[in-house]
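Descriptive structure summary
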Amino acid sequence: MKTVSIRLTDKQHHYLAAVAKDEMRSVEQLIWMALSDGIPYMFCEDTYHLEKLQCDFTDKDKESMAKHPLTKPDWGSEYYADHPWAEQIRENVLADIERTLEPSDAAFDLQAEINRTDELHAQRKRDHEAKQAAKKEQEAAQ
């Protein structure tokens, strides 16, 4: 038996581990499956739920959050959708061949980004609850 290792940035590993957990598999098992089927093929008619980090929010995500204060941007919830977090891993292959694979997120603090995203969603929830409470109070006063 041979062992194969791959290099991922902290952010890439975060998303890969989150999908593995959602699928109730280890990261290694997910990689085996991904190598044989490919992530875009594997999830073309199936969905998963992977919450985005705040640094990956698009303008569309921000518009959606403004309209729907309790929703969180995610990947994997649409049929036939792109999987950009996984497709970025593919770029590591060429970089490795060219010997240019370096940690692109050396200054990226994953835990700080997770905390920042969690705090944003917590604040959005508090704001929504405050608006709902004010609305009920106003209705009761009338």
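Structural data are supplied above this passage.
The shown structure was predicted, so the numbers you read here are calculated from the model rather than taken from an experiment. Positions within a chain are numbered from 1, following the residues in the order the chain's sequence is written. Selection of residues for local features in this predicted model requires a pLDDT of at least 70, selection of side-chain atom pairs for listing and counting requires 80 or more, and totals for whole chains, interfaces and linings are taken over all residues. To obtain the side-chain values, all non-hydrogen atoms of the structure were included, while hydrogens and water were left out.

1. Thoughts on the packing of aromatic side chains
Worth spelling out the cut-off: To pair, rings of Phe, Tyr and Trp, with the six-membered ring standing in for Trp, must have centres within 6.5 Å; the planes then decide the type, stacked if under 30 degrees apart, edge-to-face if over 60, and tilted in the middle. Going along the chain from the N terminus, every DSSP run of H or I of four or more residues is numbered as a helix, and every run of E of two or more is numbered as a strand. Using a 1.4 Å probe on the protein chains alone, a residue whose accessible area is under 20% of its type maximum counts as buried, one over 50% counts as exposed, and one in between counts as partly exposed. In our convention, an over-ring charge means Lys NZ or Arg CZ found within 6 Å of a ring centre and within 35 degrees of that ring's normal.
Counting across every chain of the model gives two aromatic pairs. Measuring from centroid to centroid gives 5.2 Å for Tyr 15 and Trp 75, while their planes differ by 75°, and the two rings are edge-to-face. Highlighted residues: Tyr 15 in helix H1 (residues 10-22) and Trp 75 in strand E2 (residues 74-75), separated in sequence by 60 residues. Since its relative accessible area comes to 2%, Tyr 15 is described here as buried. Given a relative accessible area of 12%, Trp 75 falls into the buried group. Between Tyr 48 and Trp 85 the ring centres are 6.3 Å apart and the planes differ by 80°, which places this aromatic pair in the edge-to-face class. Within this pair, whereas Tyr 48 is found in the loop between helix H3 (39-42) and strand E1 (50-51), its partner Trp 85 is found in helix H5 (residues 84-97), the two being separated by 37 residues in sequence. Trp 85 shares its class with Tyr 48; the two are buried. We note Lys 11 situated over the ring of Phe 108; from NZ or CZ to the ring centre the distance is 5.6 Å.

2. Here we look at H1
What counts here: Every helix has an expected span of 1.5 Å times one less than the residues it contains.
The terminal C-alpha atoms of H1, which comprises 13 residues, lie 18 Å apart, in line with the 18 Å expected from a rise of 1.5 Å per residue. Burial in H1 covers these residues: Gln 12, His 14, Tyr 15, Leu 16, Val 19 and Ala 20. Positioned one or two residues after H1, Met 24 has a phi angle of 55°, which is positive.

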